[in-house]
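The primary structure of each chain is shown beneath.
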Amino acid sequence: MYKDFDNRNKAEIFISMAIESGVNIIQLRDTQKNKYKEKLNIINNIKNIYPKSNIIINSDINLANESLADGIHIKESEWTNDIVKQIDQRLVIGKSTHINSMSSINEYSPDYLIFGTVFSSKSHPRIRPVGTEKISIIKKKYIYPVLAIGGINEENTSKVIKAGADGVAIKSGIIERENPKKIITLIKNILMNKNDID
């Protein structure tokens, strides 16, 4: 549960800081199947404190359905009609997609796509980055909003926006920084002024 943090308290403090600093979507990714009740409590606690925040759960349909989460994100390999049918209709649905496996959307449509890995990433060091030029291919193929992911930081956010991305998904570029609050502010300013990017 605390892969990026020492304990639950530090995780919740960081999430609170991120929301207060302007992060509009928090995606909770946890591959461990244990501590279900604890994860449920964390999500509900965040939503109770920050009701306007948007919490997205990665892959765990039961957790997303039973909690106060706002949505769920499904891996491209898991995107099937049977899986999507299980998702509560109130939830926003995200889907991962990759340039080498751009599967067709089935009868169910996602609300947004996450595309990458755009730049080299500490989270996925073995994955070869596709670069910003591939974003336009995704945008032409799908009508859904596209969030770029992979190695994104305050120095290259403008590049992916200029290439056509509607937003960015960042982990290491914020969590592992000395002053994450400052980085969030810098990136938020870029996104808020994306119409001015040349």
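Summarised in this report is the structure supplied together with it.

How each quantity is defined
Residues numbered from 1 in each chain as written. Predicted model: local features only at pLDDT ≥ 70, side-chain atom pairs only at ≥ 80, totals over all residues. Heavy atoms only, no water. Buried < 20%, exposed > 50% of the residue type's maximum accessible area, 1.4 Å probe, protein only. Helix = DSSP H or I, 4+ residues; strand = E, 2+ residues; numbered from the N terminus. Pairing = 2+ DSSP bridges. Right-handed = clockwise from strand over helix to strand, strands pointing away. Axes fitted to C-alpha atoms, helices over the stretch in contact; angles between N-to-C directions.

Regarding the pairing of strand β5 (residues 112–115)
Here is step 1: Burial of β5 is two-sided: the residues Tyr-112 and Ile-114 facing one way and the residues Leu-113 and Phe-115 facing the other way are all buried.
Here is step 2: Relative to β5, strand β4 (residues 92–97) runs parallel, the two being bridged by four bridges. Across the sheet, the residue bridging to Gly-94 is Tyr-112, located in β5.
Here is step 3: Note that β5 and strand β6 (residues 146–149) share three bridges and pair parallel. The partner of Ile-114 across the bridge, within β6, is Leu-147.
Here is step 4: As for the winding sense of the linkage, the β-α-β connection from β5 through helix α5 (residues 135–141) to β6 is right-handed.

Points about the sheet that holds strand β7 (residues 167–169)
Here is step 1: What the seven strands build is an open sheet, ordered β1-β2-β3-β4-β5-β6-β7; its pairing is parallel. The open sheet has two edge strands with one neighbour each: β1 (26–28) and β7. Geometrically, the sheet is characterised by an average inter-axis angle of 30 degrees between neighbouring strands, direction not taken into account.

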